[in-house]
Amino acid sequence: MKNYLKSSLILLILFNIFNQDVYGSESTIQYRRSLESWNIEADILIYDPILIESEDAVYKESSSSISLLSGEDIADFLLIKSSTLNRLIDKNVLNKYGSIIIICDEEFVQQRSFLCGYDKVEVKSENVLYTNLGKRINSGEDLNILSVRESGKLFVIIPEQYMVTPEYAHRVEVYFRTLGRSQGVQESIGYAAAEKESINLLSIIRSNEFELLYPVMGLLILAVLLRPLITTLILHPQKLYRKSTYQFLFTVFIHYFRAIRPYAFIVFLALIMIYPLILYTISFKNAGALDLNYIATYLKETFDFTNIDNFIKNARYLRLGVSLLNMVTLITLIILLIPEIQNIFYRSVTKLCSLKLNENTYKIFAPLLLFTMLITSIIGNVEDTYSFLVLLMLLFLYITSIASRDNKNSNDLLYSRQKLGLFATILLIILSGSIFNEYSSRMPIELSREDLLGLDESVTLLPYSKLYGSNVVFDDFLINPEFRVFVENRLLYDPGYSEVRNVKAEDFSTHDNFIVFAYANSKYFATLARYNNLLDYVKTPTITNAFILGEEASREDAEYEIEFGILCYKEIDKYEVKIIKHTNVGKEAPVNMLKFPGCGTGESLLNYRVPTNLFGEEKFGLYEVDDFKDKSLAYIKVYRNGREAEVTYIKDPLVTPVLYEFLNSISSDILYAYSFDLDTGTVVKRAENGLNISNEVNVLRQKDKLKNPFIIWSDTPNAVIKNGYIK
Amino acid sequence: MINVIDTSKILITGNVLLLLLIYMYTMEEYVGKLVKREVTKFHLTLVPVAIILIYQLYSLKLAFVLSFIQILFIVWVFVYAITINRLYLYWLAVISVVFTPVLYFFGIQELAIFLATMGFFSLVTGVFKDLFYEKLFKE
């Protein structure tokens, strides 16, 4: 059976005579890129002539309708999607490859004994060993791929779902990384084995076996470094109070570096000679030529030692190696430089101590420093001026120490008249500083007037963004239009009502007249999830980036899948679709749901169904698709135990800012406006001739409730406001 | 008027005034007699300086420690720089200024900016030394 399977696979791929149009896909390129990032070089078969001219293409082979998209050399692997298998592929092309990866995007059945579909691969034979990638997310069933070898060719068959489900894709990555490392590819490598093989350096370093090693190593290093100090402490504790002990310890420390300096110098020279060679090779390998910019970026990246963790995680061992080399170089350089720095330090201290001040330095420079310190301490506050104060104090200390040594600051330093002058200056500084402080605290803030629209405009199309300076009062601006006018998340004007009451959405209750609106959706979903009473007003049958499930849908014991329909009306690059769950207790971290491989313009609607355990909780959840590409999401379907569950979409305030309006009674002249992300409510009353919107904006600015810039907007398209005070 | 001066200002200003008093008057003899040890003006100066530093450490904590180490290093480098032969400084400035456009040309802008800043500091220190060294110190 096994042999039959192998033979049929080879026959199918090598000798089928195909006669249809050829299929090309952006996703194939993206899968190739994924493989590339897992250290698997693969060529692909492609049709789309535009894609052939893309940056990945170096040359195309075969004059038939299918072309080979390859790198400079023929890669080890050929990547094919199962939807391509019933089309023409040149036998000579296939013969060039030792390994063929088939991604099953369409169901592919062979003699009823072999089935490869979007979410599984099955062979009806007990002799076939699957490569097990662990368990499925929901059901606990085995997650298998098929890896068979025949006539020196390796076939790896992977259902497409494994490539687009983030959790599964990671396991496939582990498998391929293992495959990439092993020279001879073995049949049916178990996932456990793969996992074991792929255990990265980081996990080894952090494993229990090494738990004791680090403290022991630390202890050893500490013992070596502190040996003289500890010896002194044990044998002659009284010496710890002597200056000479520390001088001796310092000398020992420097002596140690001096002793290893010649070796460090040889190592440093060797490293310096190796560097050009390494960088030249890396530049040629990665950039294709000697690229100084690339080398500079590479060095910058590898000299940032915080990246080491990432290099290990992503198995970028060359970068890790260069990074460690850089570390060794730096340490060698420090070893080389420490005795030199010590020399400079010693010479400088000796020189600074031996310097002699001029006659007038202490007399003039010292009081100057002190006066500056006095002014700084009176006018400035501690947080802003402490570093400057410390700088001045250190300089003053230095001058005083030299003056003390030379006895130049004795009592005959200043005459009485000079002391009097100094006192007068001190008094003047204190007085003027205090007056300055008092004046600046009492000084009224000067307000400047500014037009609401700026540049003396009296008419503008909404929305309008206003950037304003500090301490500004806006000039009067009368509006009386036939549409609503909002400022940020507040409704200021409605033509049908003389009074508008802005109320927090959290305090929602029904009134004769009310609207629910959201200006920006920063807290929109969170508030909806927390206060369910608003949910009924924001449901919509149209697809949006947020949804809730029907009450029946959320049960803990069910298996869930989510299906994304993605419209490829334009070329979309690959992206990860994430979902954020909002509950009544807060927002959960985004969960990667789908690794969308990207699509070309030729594909109209793609759908990907992936397993998930996001919905398996009984508590209420509002789900927000985080990375929602512009109108590319056609639908979202949720399946519970294989059956489609009820999905209700939630209105998107970016599309319809006024989410709901209930305008029932004409008797009431008050409109309640429920808004999200509102800290306090406001009441706005307008006069008969309209509303002076500047008054309201000025009040908001005074209360520090106005953003800078702020947006004046309307829910009516192409709305224009005009200043009624300007005729 | 005093209401505009907060506690930190009173403490720091008071200590700066104390520094001024120590500078102007001979207190070291009296203090020396009091503590029965030889006391210089420098020793007395250390007291208000220490109070100010401890207060800043108390109010600013780690920010102060980090900044103090930095300032100490900068003061040392600066004071040492103005005591060395000024030709060193000018040569350092020349080397930095020459290599700046070279690095910029090769696209290593960050290093070029760093070198340019170094060149600027070398020049400023050299000029400072030329202008003030002889007024402050004598050989």
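It should be emphasised that the depicted structure is a prediction, and the values quoted were computed from it without experimental measurement.

Cut-offs applied
Residues numbered from 1 in each chain as written. Chains lettered and ligands numbered in written order. Predicted model: local features only at pLDDT ≥ 70, side-chain atom pairs only at ≥ 80, totals over all residues. Helix = DSSP H or I, 4+ residues; strand = E, 2+ residues; numbered from the N terminus. Buried ≥ 20, exposed ≤ 12 C-beta atoms within 10 Å, placed from the backbone. Contact = placed C-beta atoms within 7 Å. Nonpolar A, V, L, I, M, F, W, Y, C, P; charged D, E, K, R; others polar. Pairing = 2+ DSSP bridges. Axes fitted to C-alpha atoms, helices over the stretch in contact; angles between N-to-C directions. UniProt positions renumbered as here; feature names shortened; annotations may be inferred. Core = buried A, V, L, I, M, F, W, Y, C linked by C-beta atoms within 7 Å. Parallel < 35°, antiparallel > 145°, perpendicular 65-115°, else oblique. Bend = angle between axes of the 7 residues up to and from the residue.

**Brief notes about the overall build of chain A**
Right, so step 1: A count of helices and strands for chain A gives 18 helices and 38 strands.
Right, so step 2: Expressed as a percentage of its 727 residues, the buried residues of chain A come to 29%.

**Topic: the overall build of chain B**
Right, so step 1: What chain B contains, in helices and strands, is six helices and one strand.
Right, so step 2: Secondary structure elements of chain B, listed N to C terminal, follow the sequence α-α-α-α-α-α-β.
Right, so step 3: Scored against the burial criterion, the 139 residues of chain B give a buried share of 19%.
Right, so step 4: Considering only residue pairs separated by 6 or more positions, chain B has 48% of its internal contacts joining residues 24 or more positions apart.

**Quick word on the interface of chain B and chain A**
One frequent convention defines the size of an interface as the accessible area lost when the parts assemble.
Right, so step 1: With 38 residues of chain B at the interface, the matching set in chain A holds 44 residues.
Right, so step 2: For the side of chain B that touches chain A, the elements supplying multiple residues, two or more each, are helix 1 (7-24), helix 3 (41-60), helix 4 (62-83), helix 6 (109-136) and strand 1 (137-138) of chain B.
Right, so step 3: A breakdown of the residues in the side of chain B that touches chain A according to their chemical character gives 24 nonpolar, 10 polar and four charged.
Right, so step 4: Alignment of strand 12 (residues 356-357) of chain A against strand 1 of chain B, held across two bridges, turns out to be antiparallel. Residue pairing for strand 1 of chain B: L357(A) is matched across the bridge by F137(B).

**Comments concerning the pairing of strand 34 (residues 670-675) of chain A**
Residue and element names in this part refer to chain A.
Right, so step 1: Burial runs high along strand 34: five of the six residues are buried.
Right, so step 2: Where strand 20 (residues 499-504) lies against strand 34, six bridges are found, and the strand directions are parallel. By the bridge assignment, N502 is partnered in strand 34 with A673.
Right, so step 3: Summarising the sheet, strand 21 (residues 513-517) and strand 34 pair through four bridges and their orientation is parallel. Bridging across to strand 34, V516 finds its partner in Y674.

**Examining the sheet that holds strand 28 (residues 605-612) of chain A**
Residues and elements named next belong to chain A.
Right, so step 1: What the four strands build is an open sheet, ordered 28-24-30-31; its pairing is antiparallel. Strands with a single pairing partner mark the edges of an open sheet, and in this sheet they are strand 28 and strand 31 (643-645). Between one strand axis and the next, the sheet turns by 30° as a mean value, whatever way the strands run.
Right, so step 2: Across three bridges, the pairing between strand 30 (residues 633-640) and strand 31 is antiparallel. Its bridge partner being in strand 31, V638 is matched across the sheet by A645.

**Concerning the UniProt feature "transmembrane region" (unreviewed entry) in chain A**
Residue and element names in this part refer to chain A.
Right, so step 1: Those places that UniProt annotates as "transmembrane region" (unreviewed entry) correspond, in this numbering, to residues 212-235, 263-282, 317-339, 360-380, 386-404 and 420-439.
Right, so step 2: Span residues 212-235 is 96% helix and 0% strand, its end C-alpha atoms 30 Å apart.
Right, so step 3: For residues 386-404, the helix share is 100%, the strand share is 0%, and the end-to-end C-alpha distance is 26 Å.

**A closer look at the UniProt feature "transmembrane region" (unreviewed entry) in chain B**
All names here are of chain B.
Right, so step 1: UniProt records the feature "transmembrane region" (unreviewed entry) for residues 6-27, 39-58, 64-82, 89-106 and 112-132 in the present numbering.
Right, so step 2: Secondary structure across residues 39-58 comprises 90% helix and 0% strand; the distance between its end C-alpha atoms is 28 Å.
Right, so step 3: Taken as a whole, residues 112-132 contains 100% helix and 0% strand, while its terminal C-alpha atoms sit 30 Å from one another.

**Section: the environment of L333(A)**
Residues and elements named next belong to chain A.
Right, so step 1: In this structure, L333 sits in helix 13 (residues 317-354).
Right, so step 2: Assessed through the 14 C-beta atoms surrounding it within 10 Å, L333 is described here as partly exposed.
Right, so step 3: Taking the C-alpha atoms as reference points, L333 and R261, 72 residues apart in sequence, are found 9.6 Å from one another.

**Side note on the nonpolar core**
Right, so step 1: Core analysis: the largest hydrophobic core is formed by 107 residues, its most contacted members being I158(A) and L492(A).
Right, so step 2: Broken down by element, this core gets its largest block of residues, seven residues, from helix 6 (residues 166-181) of chain A.
Right, so step 3: Each residue touching I158(A), except ones within four places of it in the same chain, is listed here: I101(A), I103(A), C104(A), I145(A), M163(A) and V172(A).
Right, so step 4: Formed by 30 residues, the second largest nonpolar core is a distinct cluster that contains L369(A), L374(A), V390(A) and V16(B).

**Quick look at the packing of helix 13 of chain A against helix 4 of chain B**
Right, so step 1: Two elements in contact, helix 13 of chain A and helix 4 of chain B, have axes separated by 10 Å at closest approach and are oriented at 70°. Classified by the angle their axes make, helix 13 of chain A and helix 4 of chain B are roughly perpendicular. Contact residues: S348(A), K351(A) and L352(A) in helix 13 of chain A; V79(B), Y80(B) and T83(B) in helix 4 of chain B.
Right, so step 2: Looking at the contact of helix 13 of chain A with helix 4 of chain B residue by residue, the classes come out as three nonpolar, two polar and one charged.

**Section: helix 9 (residues 213-235) of chain A**
Right, so step 1: Its axis deflected by about 70° at L226(A), helix 9 of chain A carries its strongest bend there, up to four residues before the proline P228(A).
Right, so step 2: With zero of 23 residues buried, helix 9 of chain A is to be regarded as a mostly surface element.

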